[in-house]
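Single-letter residue listing:
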Amino acid sequence: MVEEYNSYLLNPHEIEVGIRPEHIYLKEQNKENCSSSFSLTTDIVEILGSEFVAYTNCELGKLTIKLQDPVKPHTMYDVVFNLDQIHLFDLVSTENIFY
């Protein structure tokens with residue numbers, strides 16, 4: 001069993017990408033070291049003091065975004081994410097690949 005598990009780890013298999021909501025930005029903010037932009041449509045927007053929390057459903061799945069800039073529900077936005085803040089998780093070992 002252990003040999004089979006180790007063999008599986010050495011071969012290509014699925015990983016999961018994680019990023020915190022505060023590391024996703026509107027494209028127009030021109031942040032450094034960001035991904036290519038992609039479009040999404042906000043479903044629900046909560047105003048929490050000076051922050052706007054947008055809940056979305058897009059081609060990448062369900063995303064929650066925490067922004068300082070105002071956004072509206074049911075509106076399309078171009079967003080990017082900070083490449084330095086990506087976390088990759090091995091779905092077999094459940095370990096963070098970078099740490």
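All of the points below concern the structure found in this document. (Residues numbered from 1 in each chain as written. Predicted model: local features only at pLDDT ≥ 70, side-chain atom pairs only at ≥ 80, totals over all residues. Heavy atoms only, no water.)

Here we take up the overall build of the chain. Each helix and strand counted, the chain has 1 helix and 7 strands in total. Taken from the N to the C terminus, the helices and strands of the chain come in the order α-β-β-β-β-β-β-β. For the chain, whose C-alpha radius of gyration is 17 Å, the value lies well above the compact-globule estimate of 13 Å for 99 residues. When the backbone C-alpha atoms are referred to their principal axes, the chain occupies close to 50 × 25 × 25 Å. With 99 residues in all, the chain has 30% of them scored as buried. (Helix = DSSP H or I, 4+ residues; strand = E, 2+ residues; numbered from the N terminus. Rg over C-alpha atoms; globule rule 2.2 N^0.38 Å. Buried < 20%, exposed > 50% of the residue type's maximum accessible area, 1.4 Å probe, protein only.)

The description of two aromatic rings rests on the distance between their centres and on the angle between their planes. In the structure shown here, the tally under the stated rule is 1 aromatic pair. Of note, Lys31 hangs over the ring of Tyr25, and the distance from its end group to the ring centre comes to 5.1 Å. (Phe/Tyr/Trp six-rings, centres within 6.5 Å; stacked < 30°, edge-to-face > 60°. Lys NZ or Arg CZ within 6 Å of the ring centre and 35° of its normal.)

A word on the environment of Leu67. Turning to its location among the elements, Leu67 is positioned in strand 5 (residues 61-67). The class of Leu67 is buried, set by a relative accessible area of 4%. In the structure, Leu67 is positioned 45 residues away from Glu22 in sequence and 6.6 Å away in space, judged by C-alpha atoms. Those residues within four positions of Leu67 in sequence are excluded, and the remaining contacts are Ile24, Tyr25, Leu26, Ser50, Glu51 and Phe52. (Contact = heavy atoms within 4.5 Å.)

Sheet strands associate in pairs through backbone hydrogen bonding, adopting either a parallel or an antiparallel arrangement. An order of 2-6-3-4-5 is seen for the 5 strands of this open sheet, with the pairing classed as antiparallel. In this open sheet, the two strands that pair with only one neighbour each are strand 2 (24-26) and strand 5. For this sheet the average axis-to-axis angle between neighbouring strands, irrespective of direction, equals 45°. (Pairing = 2+ DSSP bridges. Axes fitted to C-alpha atoms, helices over the stretch in contact; angles between N-to-C directions.)

Attention now goes to the pairing of strand 5. Across 7 bridges, strand 4 (residues 51-58) lies against strand 5 in antiparallel orientation. Note on strand 5: the bridge partner recorded for Phe52 is Leu67. Linking strand 4 back to strand 5 in an antiparallel pair, the connection comprises 2 residues.

In this section: the nonpolar core. If you look at the biggest cluster of nonpolar residues, it comprises 17 residues, and the most contacted ones within it are Phe38, Leu40, Val71 and Val79. Listed by contribution, the elements that provide at least two residues to this core are strand 2, strand 3 (38-48), strand 4, strand 5 and strand 6 (76-81). Sequence-distant contacts of Val79, that is, excluding residues within four places in its chain, are made with Ile24, Tyr25, Leu26, Lys27, Ser36, Ser37, Phe38, Leu40 and Ile65. (Core = buried A, V, L, I, M, F, W, Y, C linked by side-chain atoms within 4.5 Å.)

We now examine unusual backbone geometry. Of note, the phi angle at His74 is positive, near 60°, even though the residue is not glycine. As for its position among the elements, His74 is in the loop between strand 5 and strand 6. In this structure, Thr94 is a non-glycine residue whose phi angle is positive, near 65°. With respect to the element layout, Thr94 can be found in the segment after strand 7 (87-90).

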